[in-house]
Amino acid sequence: MFLLFLLLIVISCPVFAEYKPIPKELSKQYKKEMESIINKGYPKAIRNVDNFVKRATKYHKRILEKGYYSNDQMDIINLGLLYENCLPAAELDLYANLMKVTQEKYLGIEYKPIGTDWVGPYEAFLKPYFDDNNVNTQKLDNIVKYELQQGKIVKNYLDEAEKLRPNN
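Per chain, the residues get numbers from 1 upward, laid out in the order the sequence is written. This being a predicted model, a pLDDT of at least 70 is required before a residue's local features are given, and a value of 80 or more before pairs of side-chain atoms are given or counted; all residues contribute to the totals for chains, interfaces and linings. The basis for the side-chain values is all heavy atoms of the structure; hydrogens and waters are excluded.

Caption draft 1: Geometry of the overall build of the chain. The number of helices and strands found in the chain is 6 helices and 0 strands. A run of H or I in DSSP becomes a helix once it reaches four residues, and a run of E becomes a strand once it reaches two; helices and strands are each numbered from the N terminus. For the chain, the sequential pattern of α-helices and β-strands runs α-α-α-α-α-α. When a residue's accessible area, from a 1.4 Å probe over protein chains only, is under 20% of the maximum for its type it is buried; when over 50% it is exposed; and in between it is partly exposed. In the chain, buried positions account for 37% of the 168 residues. Long-range contacts, defined as pairs at least 24 residues apart, comprise 79% of the intrachain contacts of the chain with a sequence gap of at least 6. Note on areas: Shrake-Rupley with a 1.4 Å probe; residue coverage comes only from the protein chains shown. Approximately 10600 Å² of the chain is accessible, and the part contributed by carbon and sulfur atoms is 57%. Throughout, a contact is declared for two residues whenever any of their heavy atoms are within 4.5 Å.

Caption draft 2: Region of the structure containing the packing of helix α2 (residues 27–66) against helix α3 (residues 74–86). Lines fitted to the C-alpha atoms define the axes, with helices restricted to the stretch that makes contact. Angles between their N-to-C directions range from 0 to 180 degrees. In the contact formed by α2 and α3, the axes pass within 9 Å of each other and the chain directions differ by 155°. Compared by their axis directions, α2 and α3 come out roughly antiparallel. Handedness of the crossing formed by α2 with α3: left-handed. Facing F52, R55, A56, Y59, R62 and I63 of α2, the residues of α3 in contact are D75, I76, N78, L79, L82 and C86. Residue type decides the class: Asp, Glu, Lys and Arg count as charged, Ala, Val, Leu, Ile, Met, Phe, Trp, Tyr, Cys and Pro as nonpolar, and the leftover types, Gly among them, as polar. Among the residues forming the contact of α2 with α3, the class breakdown is 8 nonpolar, 1 polar and 3 charged. Any angle between 65 and 115 degrees counts as roughly perpendicular, while under 35 counts as roughly parallel, over 145 as roughly antiparallel, and the rest as oblique. Helix crossings get a hand from a simple test, with the near helix turned counterclockwise from the far one by less than a right angle marking a left-handed crossing and a clockwise turn marking a right-handed one.

Caption draft 3: Quick peek at unusual backbone geometry. Although it is not a glycine, N134 adopts a positive phi angle of roughly 55°. On the secondary structure map, N134 appears in the loop between α5 (120–132) and α6 (138–163).

Caption draft 4: Structural context of the packing of aromatic side chains. Only Phe, Tyr and Trp rings take part, Trp by its six-membered ring, and two of them pair if their centres are within 6.5 Å. Stacked means planes under 30 degrees apart, edge-to-face means over 60, and tilted covers everything else. Here the structure, examined in full by the defined rule, presents 3 aromatic pairs. Between Y19 and Y129, the aromatic rings sit 4.7 Å apart at their centres with planes inclined by 40°, giving tilted as the arrangement. Linking Y19 in the loop between α1 (2–12) and α2 with Y129 in helix α5, this pair joins segments that are 110 residues apart in sequence. Since its relative accessible area comes to 32%, Y19 is described here as partly exposed. What makes Y129 buried here is its relative accessible area of 2%. Ring geometry for F125 against Y129: centres 5.4 Å apart, planes inclined by 40°, an arrangement best described as tilted. Here Y129 and F125 lie together in helix α5, a separation of 4 residues that amounts to about one turn. Feature note: the residues Y19, F125 and Y129 constitute an aromatic cluster, connected by ring pairs. Note that K139 overlies the ring of Y42, its terminal NZ or CZ placed 5.5 Å from the centroid. Only Lys NZ and Arg CZ are tested; either one counts as a charge over a ring when it is within 6 Å of the ring centre and within 35 degrees of the ring normal.

Caption draft 5: Geometry of the layout of surface pockets. What the largest pocket holds in volume is close to 230 Å³. When residues of the lining of the largest pocket are traced back to their parent elements, those giving at least two are α3, α5 and α6. The dominant element in the lining of the largest pocket, judged by the number of residues it contributes, is α6, at 6 residues. For the second largest pocket, the calculated volume is near 150 Å³. Detection works on a 1 Å grid of protein atoms alone, calling trapped sets that fit a 1.4 Å probe cavities and calling open sets with protein on both sides within 12 Å along at least five of seven lines pockets, with lining residues defined by an atom within 4 Å of a point. As for the second largest pocket, its lining consists of Y95, E123, K127, F130, D131, V135, T137, L140, D141 and V144. Only α5 and α6 provide two or more residues apiece to the lining of the second largest pocket. It is α5 that contributes the most residues to the lining of the second largest pocket, 4 residues altogether. Of the residues belonging to the lining of the second largest pocket, the class tally is 5 nonpolar, 1 polar and 4 charged. Grid points are joined across faces, edges and corners, and a volume is the space filled by probe spheres set on the points.

The analysis is restricted to geometry; functional conclusions fall outside its scope.
This is how it looks when you write it as structure tokens:
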């Protein structure tokens, strides 16, 4: 238990690194570049969500056709993984790219990816930079809203599949 706690602290250290502001003379350039990256990454993140929902629909249909224990339960497992892991991470590459550019180009520090399957640590790191430089993050917010909306569909698939599970 102690080792797990220690590991979590060590892994999350980059997130809690000391804030070093973007130089004022680079603020407009930073804002423009971040918004460009967001604009280019937005359609890909939405496509990722759509692709995950399409896969979930395929698994759901097979479960309804063949039953809960079809295909050695892989469809139900994959459906759960899509809901719990894939959907919340649909924009992970986008956030990683934003953080990489921020760190390497504007802060002059080496980028080291965060070992996570969720955008929360990236968002926590980037938020002060986005706020200080007036970066428009509306599309990032829209991705999260879309993920939540589509996540409800996949959650319904999971709930329906659970109803098919035999009691014994």
